[in-house]
Amino acid sequence: MSPVSFFKALSDETRLQIIMLIATENELCVCELMAALNLSQPKISRHLALLRQQGVLLDRRQGQWVFYHMDPQLPSWASETIQSICAAQLSSSKENIKRLAQMGSRPERQLDCC
């Protein structure tokens, strides 16, 4: 991943909010992002697809759900940038986190077994 493609991926406000939420929550599905950001499924899915294509996010399927998480292979400079943004923008993302917490019927995640 080049710095140019990384910063282009984060240059959109919706994509930046998605990244901050996923970085905070570790993993989210489309319906959770819809509730948190108060946006439609097609808009969320389009932004997730771009973030996945740019190598920022990975997805995993669990039954009917697709969960998105940060790519653990992100370069350290990219991970550090995301963490810095999250720390600096904590107050602006509180409302999104609050809406997410108020969401009913959040999908259950399978826990990894030992």
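Okay, so let's go over this structure. Nothing here was measured: the structure is a model prediction, and the numbers come from that model.

1. Structural notes on the nonpolar core
Core analysis: the largest hydrophobic core is formed by 28 residues, its most contacted members being I18, I22, L48, L57 and I82. Breaking this core down by element, the ones donating at least two residues are helix 1 (3–10), helix 2 (13–25), helix 3 (30–37), helix 4 (41–53), strand 3 (65–70) and helix 5 (76–88). Of the residues forming this core, the biggest block, six residues, is contributed by helix 2. Dropping the residues within four chain positions of it, I22 is found in contact with E27, L28, L33, L48, L57, Y68, H69 and M70.

2. A few points about the sheet that holds strand 2 (residues 57–62)
One open sheet accounts for three strands, arranged 1-3-2; its pairing is antiparallel. Both outer strands of the open sheet, strand 1 (28–29) and strand 2, are each paired with one neighbouring strand and no more.

3. Looking at the environment of D12
Along the polypeptide, D12 turns up in the loop between helix 1 and helix 2. For D12, a relative accessible area of 24% puts it in the partly exposed group.

4. Digging into the pattern of salt bridges
In the structure shown here, the tally under the stated rule is three salt bridges. The shortest N-O distance in the salt bridge between R60 and E27 comes to 2.7 Å. Of the two residues, R60 sits in strand 2 while E27 sits in the loop between helix 2 and strand 1, which places them 33 residues apart along the sequence. Given the relative accessible area of 25%, R60 is considered partly exposed.

Cut-offs applied
- Residues numbered from 1 in each chain as written.
- Predicted model: local features only at pLDDT ≥ 70, side-chain atom pairs only at ≥ 80, totals over all residues.
- Heavy atoms only, no water.
- Core = buried A, V, L, I, M, F, W, Y, C linked by side-chain atoms within 4.5 Å.
- Buried < 20%, exposed > 50% of the residue type's maximum accessible area, 1.4 Å probe, protein only.
- Helix = DSSP H or I, 4+ residues; strand = E, 2+ residues; numbered from the N terminus.
- Contact = heavy atoms within 4.5 Å.
- Pairing = 2+ DSSP bridges.
- Salt bridge = Lys/Arg side-chain N within 4 Å of Asp/Glu carboxyl O.

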